[in-house]
Structure formats: C-alpha cells, structure tokens
Amino acid sequence: MDMEAEWKAISEKQAALNSVLLKDDDLGVIVRAHIYIETELDEFIRARLDQPEALKSLKLDFDGRANLAVGLGLDKGLKALISSIGSLRNDFAHNLRGEIGRQEANNLRKAMKPPYIDACRVAYKKTLDKLQSTDKPKSINDLPPKDQVILYLVNAWGAMASAALQARQAKAVRSSAT
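Below or above, wherever it landed, is the structure these notes cover. (Residues numbered from 1 in each chain as written. Predicted model: local features only at pLDDT ≥ 70, side-chain atom pairs only at ≥ 80, totals over all residues. Heavy atoms only, no water.)

## Considerations on the overall build of the protein
For step 1, the next point in the chain: A tally of helices and strands in the protein yields eight helices and zero strands.
For step 2, the next point in the chain: Along the protein, from the amino end to the carboxyl end, the secondary structure elements read α-α-α-α-α-α-α-α.
For step 3, the next point in the chain: Over its C-alpha trace the protein gives a radius of gyration of 17 Å, about what one expects of a compact globule, namely 16 Å for 178 residues.
For step 4, the next point in the chain: Taken along the three principal axes of its C-alpha coordinates, the protein extends 55 × 40 × 30 Å.
For step 5, the next point in the chain: Residues counted as buried form 40% of the 178 residues belonging to the protein.
For step 6, the next point in the chain: For the protein, the proportion of contacts with a sequence separation of at least 24, taken over those separated by at least 6, is 70%.
For step 7, the next point in the chain: Roughly 10100 Å² of accessible area belongs to the protein as shown, and the carbon and sulfur atoms make up 54% of that amount.
For step 8, the next point in the chain: Taken together, the 27 basic and 24 acidic charged side chains of the protein have centroids lying 2 Å from each other. (Helix = DSSP H or I, 4+ residues; strand = E, 2+ residues; numbered from the N terminus. Rg over C-alpha atoms; globule rule 2.2 N^0.38 Å. Buried < 20%, exposed > 50% of the residue type's maximum accessible area, 1.4 Å probe, protein only. Contact = heavy atoms within 4.5 Å. Areas by Shrake-Rupley, 256 points an atom, 1.4 Å probe, with all protein chains shown as cover. Lys, Arg positive; Asp, Glu negative; His and termini not counted. Charge placed at Lys NZ, Arg CZ, Asp CG, Glu CD.)

Shown next as structure tokens:
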C-alpha cells in the first residue's frame, strides 16, 4: 500500500474511533478503545515478524503481546501506556460499576511518558484553538475524567497506529531489498 493510502486508512480508522468514543458509555469507551489499540499492536507485531503466522500458536495475552512488541522495537514508554490501558480494560470487563472517574484518568496520565503526554497537551491546545472555544478548560487536568481518558486513549491509539505504520514501511523496504 502506498503512503497516501496508508494515511487515508489511518484517518478513516481515527474518525471511526472518535465517533464511537464520543457516543459510547464508559464501558464501551474503554473496551472499544482497547480493541482499536490491540489491533494496531497486532499489526505492529505482524509487520516486525518474518513469519507472522507463528504468532497465533503462541497464544499470548495482551500484555504478552505488548512485551513481545518491545522486543521487536516498540518504544518502552508506549508499552507502559498500552499495558495500563489493558489493565483498565480488565478492570472494566470484570466490574459492573464500569464508570470512568478521576482515578482512571490519573492512572492513565501517570502511565504516559513525556512524548505521549506532551502530544496530548498539543492536541488538546490545537483543538481548543480550532474550536475557538472559551468555555472549555485550558488544561487537560480540568476536563471531566471521561474526556481526559478519551483524549489519552485516542492519543495512545495514534501512537500505536504510527508505530504499526512505521513497522509496515520497514517491512516493505526489507522485502524490496531481498
């Protein structure tokens, strides 16, 4: 797939993710975002492996695949974030309460290493500037917890989608060199 097509596909996935997250209840936000992130994690791993079909026989859980991805070159800071998202998904999957609160927002924020939290701040500022909104909080920390979590999840997905794209590009280069 050429770069233009890759970026178009990523944009379409992001639009779909944004759409479901903004309409969903708290449980749906966590579970659906996790599915999107997990899909990109799997894409990253498949692109890094010469024999991606071998992955199926390993039967790795989400955290196991995140650890494998680090071994294949995924940034450790991103691994900490997606592992935190995996833990959050597990908490929600086994809890009838299923409500996003300050603790969930704080836990994700703590899991974000500087390049990822910085990206969230920049994205939030650009969104405020684009909306020219004066009624929105100036700081992410002042947003309602669910909005904070959605922002963190979308940015985590974006980072994972970017890593998967880079891995596919590297694989294409390796394939063309052989």
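## Some thoughts on the nonpolar core
For step 1, the next point in the chain: Ranked by internal contacts, the top residues of the largest apolar core, which has 50 residues, are Leu 41, Phe 44, Leu 74, Leu 81, Ile 82 and Met 160.
For step 2, the next point in the chain: Secondary-structure elements contributing two or more residues to this core are helix 1 (3-23), helix 2 (26-48), helix 4 (62-71), helix 5 (76-93), helix 6 (102-111), helix 7 (114-131) and helix 8 (145-177).
For step 3, the next point in the chain: No other element matches helix 8, which puts 15 residues into this core.
For step 4, the next point in the chain: Among all residues touching Leu 81, those that are not within four sequence positions of it are Leu 108, Ala 111, Met 112, Tyr 116 and Ala 156. (Core = buried A, V, L, I, M, F, W, Y, C linked by side-chain atoms within 4.5 Å.)

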